[in-house]
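Coordinate analysis (summary)
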Amino acid sequence: MKNVLLTLLVISCTALQAQIPNSSFETWIPVGSWVDPSNWETTNSNNQGIDNVVQTTPAHSGSTAMRLEAWTYMTNTYSSNAVCPYSGGV
């Protein structure tokens, strides 16, 4: 029974992974004064004008990658974030 459930879980995760749009971060679009990966939402708009989610190389697959950088404002350090809200069935 455990093997059947594990197999179903692996198949489900594999199927979900294939549904993430722009998963290789090849397409970037201008949003305000920065660029974001297409079909992704980032914290670039919340960071006092500092791009903390940036396009970079080398990439695992394709020609570009996404790098998340922490930034400091006043005395606080903040982490960056990127989410793909369109991964559910697109």
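Here is a short report on the structure shown in this document. (Residues numbered from 1 in each chain as written. Predicted model: local features only at pLDDT ≥ 70, side-chain atom pairs only at ≥ 80, totals over all residues. Heavy atoms only, no water.)

1. Some remarks on a nonpolar patch on the surface
Residues Y73, M74 and Y78 make up a contiguous nonpolar surface patch of roughly 350 Å² in combined accessible area. Residue position: Y73 is located in strand β6 (residues 71–73). (Patch = residues over 30% accessible without salt bridge, like charges linked within 9 Å, V, L, I, M, F, W, Y side chains within 5 Å. Areas by Shrake-Rupley, 256 points an atom, 1.4 Å probe, with all protein chains shown as cover. Salt bridge = Lys/Arg side-chain N within 4 Å of Asp/Glu carboxyl O. Helix = DSSP H or I, 4+ residues; strand = E, 2+ residues; numbered from the N terminus.)

2. Regarding the side chain of T43
Mapped onto the elements, T43 comes out in the loop between β3 (41–42) and β4 (53–56). With a relative accessible area of 14%, T43 lands in the buried category. Among the polar contacts made by the side chain of T43, one reaches the side chain of N52 at a distance of 2.9 Å. Once you skip the residues sitting within four places of it in the chain, T43 turns out to touch N52, V53, W71, S80 and N81. (Buried < 20%, exposed > 50% of the residue type's maximum accessible area, 1.4 Å probe, protein only. Polar contact = N/O pair within 3.5 Å; in protein donor to acceptor, adjacent residues only side chain to side chain. Contact = heavy atoms within 4.5 Å.)

3. Section: the packing of aromatic side chains
Across all of its chains, the model carries one aromatic pair by this definition. With a centroid separation of 5.2 Å and 50° between ring planes, the pair formed by F25 and W40 is classed as tilted. Taken together, the positions of F25 in the loop between α1 (2–17) and β1 (28–31) and W40 in the loop between β2 (34–37) and β3 put the pair 15 residues apart, joining distant regions of the chain. With respect to class, F25 is no different from W40; both count as buried. (Phe/Tyr/Trp six-rings, centres within 6.5 Å; stacked < 30°, edge-to-face > 60°.)

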